[in-house]
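Working through the structure, step by step
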Amino acid sequence: MNDRTSALDSLVFGVDIQSGDVRGDAPSYAVVAFDGENIDRDVVSHRKLRRLVEREEPAILATDNMYELAADKDELVHFLRSLPTETKLVQVTGAERPEPLSRVASRHGVPYGKKPMKEAEAAARLAAVNVGYEVSAFTNTTTVKVSRGRSTGKGGWSQDRYTRRIHGSVKRRSREIADRLKQAGLEYDVDATEKYGGYSNAIFTVEGRPDDIPVSSGRSGDTRVEIERERRDGIEFEPLVKRRDHVIVGIDPGTTTAAAVVDLDGNKLDVHSTRTADTADVIEWLIERGRPVIVAADVEPMPETVEKFRRSFDAAGWIPETDLPVDEKLHRTRDVGYENDHERDALAAALFAFDAHEDQFQRISRKVPPNIERGEVIARVVAGEESVEAVLREITGDDESDEDDESTHEERELTDEEKKIRRLERRVERLESHTESLEATIAEKDETIEEYKTELSEAKREERREARERREVQRLERDNNRLERKLESLREENEELTGKIERLKRLWKLDHSNFADVNTNKNLVPVKVVEQFTKDAIERADEEYGLASGDVVYLRDASGAGHSTAERLAETNPRAVIRTGGLSDAADEILFEHEIPVGPAENVTMQEIDELAVARESDVSALIEDWERRAEERRKEQQSQMVDRIISEHRAETRSESR
């Protein structure tokens, strides 16, 4: 017997498209409302169906194909968002790879007819006994956004006060919502954007559904509140009930052990990977999710760890003829989710095992009556290697002794006509079975064609959007090239003007380098300024206005110069050097050897003009005379020291000879 519960304490809607197409203008739907006992039927438009669901708030809206309610994924998400919070959209024919509705109804003993109203009723009855998968596009996380309810405007006499008031209102409203969430015991994170006077907006990320949140959407005064559920990356399917059905298990052993569970229709139920759990923990995890019929591996031969799992469940084993290539595993698992490569390998093993046994499962399913659980029969045939007939006889309790007693009686010989009738009946039975299989194949192909049409339509829309984007990019590139050409032209013009200015500066400096216009009384002398007593500063001054023999040079900072720097200055053969700061011993010695007068700047009165300066001739002459006087004394002192040294050396030699 079917082990699903049939207790129904709420309303179920079954729907099937009656006429038209959801991609067209006016589709109509056959709707069946089922509460476990009573049935109401009606034919409504798409708009009326949505109003009916909104008014009645059924627990389940059941269909055999979710894309009969929406043209594509985006419209499906929009449809799911419009459903009442307590209403689930259920696809009774499976998850990513749905079966024909006729096959599912037959398996569960539900009346089925090909007319839309009969299909809608079958969908409602199947969902009522928890057959199918809930279609979900949203998580249990909700975003609450508090923002400005009015524009801050473009300015005015009271603009600051008006803006401050609005931002203050947003901040107060945000605090009120935070208090309500705390009182409701909901966990949340908040991201507030501070602005002048308060907040411009605050976004709460709440762990809960919109019904759990004690706040409503809407605009009130200066604030606006928007509530929206967080959308998943794609469409996900969740079985209505997690039963211990018969399943196929894939195992990927190693440092990280991964296990995948697939039902007997090839739908992924769950996948799990762990680095810490032992074999017993993984077995417990598998027991919670079903009764394994087949345990599969993705390599040949079967690893010992996988063999342990197989023996634990007394299940059949499956391995490929050769190790499964990575590209084939990627292709087979492309439509199902997993977290890492280990889960992918386990999932691929389970799916390939299903592919290998799919025809056998279908043959067994066709022989199993609706009131018998096919999983038990499949398990005993595949794992126990029993015949379908023997399993069915044991399950139904038929006594073979009756047949043995009847066989003792002499059977009447059939006439030729009766034999022909029996042959024809068997042929009809085979043809009907084959027809049903072909119809199922046609239905699957029709659904595949519809999916391809949907993908083609989406691809065309995407192509049109990309074409518009390409045209816009080309236009922007043309504008950018034009602006770059204009910028380059302006840069060249700027460089040309800069060059003219530099040339004019050099001409002015050359024209005024002798300060003839300043030195009208012939009592001033030009001074050329060097910022620091370094080679770079000397070279820069030489490049800008030239350092020639006989110049008076002013070292604005004379400290730090060494032997080579003093040599570089001495090469210019200046008339005199005016310094600020003290010279190093090495630099002083070099300048003294080249007989270049050096004196402090505090003894010379100077007036600076741009990079040049002028000084009184009398001050410069006094500096030179003072240096010459000190230089003469220095020479005398050096000569005296030299004579003393010679005498000392002579005395030392004399004493050494006398010994």
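Residues numbered from 1 in each chain as written. Predicted model: local features only at pLDDT ≥ 70, side-chain atom pairs only at ≥ 80, totals over all residues. Heavy atoms only, no water.

Going by what an unreviewed UniProt entry lists, the protein is known as DUF460 domain-containing protein and is assigned to Halogeometricum borinquense.

On to the overall build of the protein, then. Secondary structure assignment for the protein yields 17 helices and 21 strands. Counting the 659 residues in the protein, one finds 37% classified as buried. Relative to all contacts within the protein whose residues are 6 or more apart in sequence, the contacts with residues 24 or more apart total 63%. Put simply, the protein shows about 39,600 Å² of open surface, and 45% of that area lies on carbon and sulfur atoms. (Helix = DSSP H or I, 4+ residues; strand = E, 2+ residues; numbered from the N terminus. Buried < 20%, exposed > 50% of the residue type's maximum accessible area, 1.4 Å probe, protein only. Contact = heavy atoms within 4.5 Å. Areas by Shrake-Rupley, 256 points an atom, 1.4 Å probe, with all protein chains shown as cover.)

Strand order across the open sheet formed by five strands is β13-β12-β11-β14-β15, with mixed pairing between neighbours. The open sheet has two free edges, formed respectively by β13 (268-274) and β15 (316-318), since each of these has just one partner strand. The mean angle between the axes of side-by-side strands here comes to 25°, regardless of whether they run parallel or antiparallel. When strand β11 (residues 246-252) meets strand β14 (residues 291-296), the two strands line up parallel, connected through five bridges. Among the inter-strand pairings, Gly-250 is bridged to a residue of β14, identified as Ala-296. Helix α9 (residues 341-367) rests against β11, β12 (257-263), β13, β14 and β15 of the sheet, and its axis sits at about 140° to β11. (Pairing = 2+ DSSP bridges. Axes fitted to C-alpha atoms, helices over the stretch in contact; angles between N-to-C directions.)

This part takes up helix α6 (residues 279-287). Within α6, burial applies to Val-282, Ile-283, Trp-285 and Leu-286. Each buried residue of α6 sits inside an arc of 160° when the element is viewed along its axis, so together they form one side. Tucked inside the fold, the buried residues of α6 contact β11, β12, β13 and α7 (304-313). (Arc of directions from axis to C-beta.)

The space that makes up the second largest pocket amounts to roughly 740 Å³. For the second largest pocket, the lining is made up of 26 residues, of which Leu-80, Thr-85, Phe-138, Arg-209 and Arg-229 are closest to its centre. Elements that contribute at least two residues to the lining of the second largest pocket include exactly α2 (73-82), β5 (88-91), β6 (133-148) and β10 (223-239). For the lining of the second largest pocket, the leading source of residues is β10, giving seven residues. Looking at the lining of the second largest pocket residue by residue, the classes come out as eleven nonpolar, five polar and ten charged. (1 Å grid on protein atoms, 1.4 Å probe; cavity = no way out; pocket = protein on both sides within 12 Å on 5 of 7 lines; lining within 4 Å. Points joined across faces, edges and corners; volume = space filled by probe spheres on them. Nonpolar A, V, L, I, M, F, W, Y, C, P; charged D, E, K, R; others polar.)

As a further point, take unusual backbone geometry. Here the bond from Glu-300 into Pro-301 is cis, since omega is 5°, no more than 30 degrees from zero. Inspection of the secondary structure assignment puts Pro-301 in the loop between β14 and α7. The phi dihedral of Glu-57 is positive, around 50°, even though this residue is not glycine. Mapped onto the elements of the fold, Glu-57 is located in the loop between α1 (46-56) and β4 (60-63). A positive phi angle, near 50°, is found at Asn-573, a position not held by glycine.

Under the criterion given, the structure shown has 44 salt bridges. Between Asp-222 and Arg-165 there is a salt bridge, and its shortest N-O distance comes to 3.2 Å. One end of the pair, Asp-222, is in the loop between β9 (218-220) and β10; the other, Arg-165, is in helix α5 (residues 159-183), with 57 residues separating them in the sequence. Note on Asp-222: relative accessible area 10%, which makes it buried. Note that Arg-465 and Glu-462 form a salt bridge whose closest N and O atoms lie 2.2 Å from each other. Linking Arg-465 with Glu-462, this pair stays in helix α13 (residues 416-512), spanning three residues, or about one helical turn. The class of Glu-462 is partly exposed, set by a relative accessible area of 33%. (Salt bridge = Lys/Arg side-chain N within 4 Å of Asp/Glu carboxyl O.)

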